[in-house]
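Next come the chains, spelled out residue by residue.
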Amino acid sequence: MIGYQVVIVGGGATGVGVLRDLSMRGISALLLEQGDLAHGTSSRFHGLLHSGARYAVKDPVSAAECIEENLILKRIAANCISDTGGWFVQMSEDDPTYVKQWIAGCARANIPIREISPAEAYKKEPLIGNNVVRVFEVPDATVDGFKLVWANAKSARHYGGDFRTYHRVEQLLKEDQQIFGVRARNLLNGEELIVHCDIVVNAAGAWASQIADSIGISLEVICDKGTLLAFNQRLCQRVVNRLHPPSDGDIFVPHETITILGTTSEIVDSPQETIPQENEVKRLLSLGEDVLPSLMEHRVIRAFAGVRPLHREDSEAPGAAEEGREVSRTFALIDHGVQDGVQGLVSIVGGKFTTYRLMAEKVTDWVAERLGNTTPCRTSEEKLIPEISEAMRREAQRLLPSAVAEKMLERLGEDAEGVLAEIQRNPEKAQMLCECEMVCIAEVEKVAADQDAHHLADIRRKTRLGMGTCQGAFCAYRALPLLWQEKGKYDSLQDELKRFINQRWKGIRPVLWGQQLRETELARAIYGSILQVNATKDE
């Protein structure tokens, strides 16, 4: 049994944001996550850092929150963000009256917009349709969810915060309507963990209602499934939104060398319902062609889905749960002492990835007030990751190709020092293990040895191993010897490889046509015929 002032349930962006803020204020905190950090909704989205313009008409509160946090995150987390800019494009069939409402909404939310001519737009983005009527530039950007979550976790640890992955909270503990701890299960070895605390922060996202239900509290969280498509090339250089009421398949988001098209919206019964369906893929492609007519000529490498945890306020229409897009994207902080008579429990639900820091600040303010801590929040001022020294940057570029060095420094930050030292001792470890994402042997070796890496998929989330065009076909098996070096830490290599390939297969299966089908047949031959690993439908 161990004790902290605060236990946080959930290791997505909001949970680690709360951990960082609490730790920076000197409040002892432990975060418990049932999987790896960012394995849920915080990595299963289009990676858009919203300007707020998407919500300027129907959700002005969210719009104002997004533009404020957009500017803060660009300042404190620049290494996790690509400041691509964004466009909202009005097509000839789109309602011009909505455009007028949108312009007025952006002005009210202080979202800067600049109109450019269709002729200029065609020069910069030649794939967009020739029926564009108006184009407006907004400060959208793209964000790497994995990188941002881990940057928060590392910063929190620097300030004394603690987190444990693969620990599922099974029960909140209370006595006389006062929370005094949690009971969790280590999913790696089955051991039970009892943690005593003064306050529990329920930041479990789509699982938040299950946490509250462990002590009989009803918490309405709407599970809104969104499916997205990843293309194997950069179809546009900036985020391209369609200028109409938010709908399915109307955002193109460029990431590194790929493009993500999203998203759908469907209310589901469980946060586990994340398997993309063929009909969703077809719908996204059909809608995406309205903006990029040549879309079907380009290769889709995978489909993936996440579940948005939405919260409906009492003032919203009772039927809103039937359509996820009708539910506000702002967040709610729920004091269960006021709402349910249970002291020491707060839930944070709803919101956007873009507003995670603001959500964490509001939660931490609530916690600090109850603990008598008067230290102010500094998360909007202090950078997430210290600047890389010029000496380290020069050393990285001396030992590795320039692009590889930059990617590695972005992913690891100060932790890259150990990788560079290992390459200096053994230059062969500078070889590429994953060519698609430019990941060298030494980087994977370092991450495999991390105390919080337990599966090959955990290494993927930290390094992007297997997330490129080949989807793990040529790099997954190369990583196995590095897992073998960590004797007893990982499952059998056969099990690790099978689990990894099946996770990739889940997203590949709905897009099996053309070049993707041919490459998948090659991967199947490698893993099925040579290594005796076969994909299964259920994993």
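Residues numbered from 1 in each chain as written. Predicted model: local features only at pLDDT ≥ 70, side-chain atom pairs only at ≥ 80, totals over all residues. Heavy atoms only, no water.

> Account for the sheet that holds strand β10 (residues 162-164), with residues named and values stated.
Taken in spatial order, the six strands line up as β10-β3-β2-β14-β22-β21 in an open sheet, and their pairing is mixed. Edge positions in the sheet fall to β10 and β21 (331-335), since each has one partner strand and no second. Averaged over all neighbouring strand pairs, the angle between strand axes comes to 15°, with direction disregarded. Taken together, the three bridges between strand β14 (residues 199-202) and strand β22 (residues 345-350) define a ladder with parallel strand orientation. Bridging across to β22, Asn-202 finds its partner in Ser-347. (Pairing = 2+ DSSP bridges. Helix = DSSP H or I, 4+ residues; strand = E, 2+ residues; numbered from the N terminus. Axes fitted to C-alpha atoms, helices over the stretch in contact; angles between N-to-C directions.)

> How would you explain helix α7 (residues 278-288) if you had to name every residue and give the values?
Buried residues of α7: Glu-280, Val-281, Leu-284, Leu-285 and Gly-288, and no others. Along the axis of α7, the buried positions cluster into a sector of 130°, meaning they face one direction only. Those residues of α7 that are exposed and angled more than 90 degrees off the buried face are Asn-279 and Lys-282. (Buried < 20%, exposed > 50% of the residue type's maximum accessible area, 1.4 Å probe, protein only. Arc of directions from axis to C-beta.)

> I'd like a description of the pattern of salt bridges, backed by residues and values.
Applying the stated rule across the entire model yields 49 salt bridges. Close ionic contact of Asp-224 with Arg-308 constitutes a salt bridge, the shortest N to O distance being 2.9 Å. Of this pair, Asp-224 sits in strand β15 (residues 222-231) while Arg-308 sits in strand β20 (residues 300-310), and the two are 84 residues apart along the sequence. Relative accessible area serves as the criterion here: at 0%, Asp-224 is assigned to the buried category. You can call Arg-308 buried: its relative accessible area is 16%. (Salt bridge = Lys/Arg side-chain N within 4 Å of Asp/Glu carboxyl O.)

> If you had to explain the side chain of Asp-250 to someone new, which residues and values would you point to?
Tracing the chain through its elements places Asp-250 in the loop between β16 (239-242) and β17 (251-255). Looking at Asp-250, the relative accessible area reads 3%, which means it is buried. A polar contact of 3.0 Å, which involves the side chain of Asp-250, links it to the backbone nitrogen of Ser-247. Other than its neighbours up to four places away in sequence, Asp-250 contacts Arg-54, Val-240, Asn-241, Arg-242, His-244, Pro-245 and Gly-262. (Polar contact = N/O pair within 3.5 Å; in protein donor to acceptor, adjacent residues only side chain to side chain. Contact = heavy atoms within 4.5 Å.)

> Describe the confidence of the model for the chain, with residues and values.
Scored by pLDDT, the chain comes out at a mean of 92, with 96% of its residues at no less than 70. The model gives residues 315-322 a pLDDT under 50, and that stretch makes 13 contacts with residues more than four places away or in other chains. (pLDDT = per-residue confidence, 0-100.)

> How would you summarise the sheet that holds strand β13 (residues 192-196) if you had to cite specific residues and measurements?
Sheet strands pair by backbone hydrogen bonding; their relative direction is either parallel or antiparallel. The strand order β1-β13-β12-β11 describes an open sheet built from four strands, whose pairing is mixed. Pairing within the sheet leaves two strands with one partner each, and these edge strands are β1 (2-3) and β11 (167-175). One ladder, built from two bridges, connects β1 with β13; its direction is parallel. Bridge pairing links Ile-2 to Val-195 in β13.

> Break down the environment of Gly-337 for me, with residues and values.
Among the structural elements, Gly-337 can be located in helix α8 (residues 336-339). The exposure class assigned to Gly-337 is buried, which follows from its relative accessible area of 17%. For the pair formed by Gly-337 and Ile-179, sequence separation is 158 residues and the distance between their alpha carbons is 10.0 Å. If we skip the residues at most four places from it in the chain, Gly-337 touches Val-342, Gln-343 and Leu-345.

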